[in-house]
Structure formats: C-alpha cells, structure tokens
Amino acid sequence: MEPRYTLDRLTRYEHPDPEQVYFDLLPLTARDFLDSGVTRRTPCRPAPRLGAAIGVPNLWVKNESQQPTRTTKDRLAALVPAVLRQFGVKEFVVSSTGNSSTALARAVQMDPAMRGNFFCGEDFVRNHAVAQDERTSLTVVAGSCVAASAEARPFAAARGLHLDAGFINWARRGGLKLAYLEALDALDRTPDVVVQAVSSGMGMLAAHKGMRRLPQSQRLSVNPATASHRRGSTSRSINKGSRHSSFRSSPSPVAPGWSGHPWA
C-alpha cells in the first residue's frame, strides 16, 4: 500500500517543524497528529573543498547528524507515531539495529499516551538509547537483528499489539523523504546526481519518493558506501548520521558522522 497525494494543491508552509512545512505530502489527515520538536530542519550547504578533492566542484552536503538523535531516523520517528495516533494505536512493537529504535523511543517519550516495545540483537545493544520504564522497554535477543525480529513478531501477536514492519512501513518512508524535499528546496540548481549510503534500502525508497515529488530532479545514483561522480557535475550527498547501519545482520560504519562544515 502506498499513499497518494494531490500535487496540484501542494503548499509549503512556514513552520519550524519539517513535517508541518511539507504536511501536504504526508499520509496524515490532520496536523494535530504530529508532535512538535521530533525533528529539525538540517543544513544543505556547498562543500567546495571536499568537492575539489574528489573532482566534483559543485558538491553540496546535507548534514543529517544535526537531528536530535544524530541520525536521519528521527524523520521516520516523527511520522510513525503520528500515523499510529491517526489509527487509534497507542502501543507498538519494533526491532531495530539501533538508529530507528533510539529515534522512536525518544518520540514515544514525547507522547504520554504512547508506549513502545523494542527488540534488538545482542551485537547491537551499544547502538541503542532506550529508557527502561513504563513507556519504553528494550529486549535484548541472543543473535542478530534477524533473531530480534523473529522474537518481536510472536511478542506482538500474543498481546494483540501493532508490529512496526520496518522497511515496508509507508509511514517510515513518508518521514524519511523529507530530507530530500528540504535539500531540493535549499539547492540553487538542479542536481545531476544524488549520493546516499544505504543499508536495508528503506532510505533509498524514501529518496525515490521525495525526488519524484519535484519533477526538475533528474537522476539518482546510489552505491552502498561510495559513488562515482561525473567530473563537473552537480552532486549532493546525504550524511545519515554517526551510528552503525546494517545490511541484513552485518553492521558496517558506512556513514561516519561529522560536525560543523570542515569541507566548506
């Protein structure tokens, strides 16, 4: 299932929260379902020194490590609870390698009516920042993130709780695409190539959705950790943040965090 939007009535609103700015492109029927302050707008700026070093003179960088939990997963955390509220869901179960659970746990703590049950594999405990209280809990499972997911499913089913489906959750993709809409609004030109480090690919699907919303965007190029650039092209890179990502069950630091703008 995918939400559909009426693009001919699209309006960008003035608001500090990105979700309110691009509300017309979100799968929500009312603004009241959104909590304020879950995410923030992050900078997309030219990086001429880095661009010169790699042969891309018009390189721009979107710094998602300035989100509250320092990864772009805060964006999905703004939408998932909002969509759950829309459908009257007050408790959910999710398994994650760290970034998503940390972001979702923070969002749950902002809503006194919501509760989150989080599962993770033992190798990913260090990636989690989930409070153990009446609102959020973290269950550590022996094995990988695949084993954690296998534990989360029967836990949710036995209690009649909503299981967040991760990659296939359209609410997640709806939130993640806002990084691209922000960046496209910040650019002073149309990008030829967009580069993003990927793990499961959820961010890439969100990117596709975001890029389709603005037809002047032309081409999308992605590689798991690196990308080839055409000399002289305009390119933009998204930094997902400072934590670890995984492809299935293998963590790899594909997007090391950075602060400030040392390449500018």
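What you are looking at is a predicted structure, and each value in this text was computed from that prediction instead of being measured. Residue numbers restart at each chain and count upward from 1, following the sequence in its written direction. Only residues with pLDDT of at least 70 get local features here, since the model is predicted, and only at 80 or more are side-chain atom pairs given and counted; chain-wide, interface and lining totals rely on the full set of residues. Note that water and hydrogens are dropped before the side-chain values are worked out from all heavy atoms of the structure.

Thoughts on the overall build of the chain
Only DSSP runs of H or I reaching four residues or more are called helices, and only runs of E reaching two or more are called strands; each is numbered from the N terminus. Looking only at helices and strands, the chain has eight helices and 10 strands in total. Exposure categories follow from relative accessible area, calculated using a 1.4 Å probe and restricted to protein chains: below 20% of the type maximum is buried, above 50% is exposed, and the middle band is partly exposed. The buried share among the 264 residues of the chain stands at 52%. Taking all contacts inside the chain whose residues are at least 6 apart in sequence as the whole, residues at least 24 apart take part in 67%. Shrake-Rupley sampling with a 1.4 Å probe provides the accessible areas, and residues are treated as covered by the protein chains on show and by no other component. As presented, the chain carries roughly 12000 Å² of accessible surface, and 51% of it is formed by carbon and sulfur atoms. Note on definitions: a residue-residue contact is assigned when non-hydrogen atoms from the two residues lie within 4.5 Å.

Brief notes about helix H7 (residues 178-186)
Of all the nine residues making up H7, seven are buried; the element is thus mostly covered by neighbouring parts of the structure. Within the sequence span of H7, burial applies to Leu178, Ala179, Tyr180, Leu181, Glu182, Ala183 and Leu184.

Digging into the nonpolar core
Put simply, buried Ala, Val, Leu, Ile, Met, Phe, Trp, Tyr and Cys residues joined by side-chain atoms within 4.5 Å make one nonpolar core. Within the largest apolar cluster, 34 residues are counted, with the highest numbers of intra-cluster contacts made by Leu28, Leu79, Phe92, Leu104 and Phe118. At the level of elements, helix H3 (73-86), strand S3 (91-95), helix H4 (99-109), strand S4 (115-121), helix H6 (170-176) and H7 are the ones that each hand at least two residues to this core. Apart from the residues within four sequence positions on either side, Leu79 is in contact with Glu19, Leu26, Pro27, Leu28, Leu34, Ala171, Gly174 and Gly175. Counting seven residues, the second-largest nonpolar core is a separate cluster that includes Val141, Ala148, Ala152 and Leu161.

Section: the environment of Gly160
Looking at where Gly160 falls in the secondary structure, it is placed in the loop between helix H5 (145-159) and strand S6 (162-163). Look at Gly160 and you get exposed, because its relative accessible area is 69%. In the structure, Gly160 is positioned 69 residues away from Glu91 in sequence and 9.7 Å away in space, judged by C-alpha atoms.

Observations concerning the sheet that holds S6
DSSP bridges decide pairing: two strands pair if at least two such bridges lie between them. Spatially, S5-S4-S3-S6 is the arrangement adopted by the four strands of the open sheet, whose pairing is parallel. Looking at the sheet topology across the chains shown, the edges are occupied by strand S5 (136-141) and S6. The pairing of S4 with S5 spans six bridges and is classified as parallel. By the bridge assignment for S5, Cys120 is matched with Val140.

Topic: the side chain of Ser101
Among the structural elements, Ser101 can be located in helix H4. The exposure class of Ser101 is buried, given its relative accessible area of 0%.

Here's the deal with the environment of Val125
Looking at the secondary structure, you find Val125 in the loop between S4 and S5. Residue class for Val125 comes out partly exposed when judged on its relative accessible area of 33%. In this structure, the C-alpha to C-alpha distance between Val125 and Val140, residues 15 residues apart in sequence, is 7.2 Å. Discounting residues that sit within four places of it in the chain, Val125 has contacts with Cys120 and Val140.

Focus on the packing of H3 against H4
When two helices pack together, you describe them by how their axes are tilted relative to each other and by the distance separating the axes. For helices, the fitted line uses only the C-alpha atoms of the stretch in contact; every axis is such a line through C-alpha atoms, and the angle between N-to-C directions lies from 0 to 180 degrees. One way to put it is that H3 packs onto H4 with a least axis distance of 8 Å and a crossing angle of 50°. Relative to H4, H3 is oriented oblique. Crossing handedness for the pair H3 and H4: right-handed. From H3, Lys73, Asp74, Leu76, Ala77, Val80 and Pro81 reach across to H4, where they touch Asn99, Ser100, Ala103, Leu104, Arg106 and Ala107. Here the angle decides the label: under 35 degrees means roughly parallel, over 145 means roughly antiparallel, 65 to 115 means roughly perpendicular, and every other value means oblique. Crossing chirality is assigned from the near helix's rotation relative to the far helix, an anticlockwise turn below a right angle marking it left-handed and a clockwise turn marking it right-handed.

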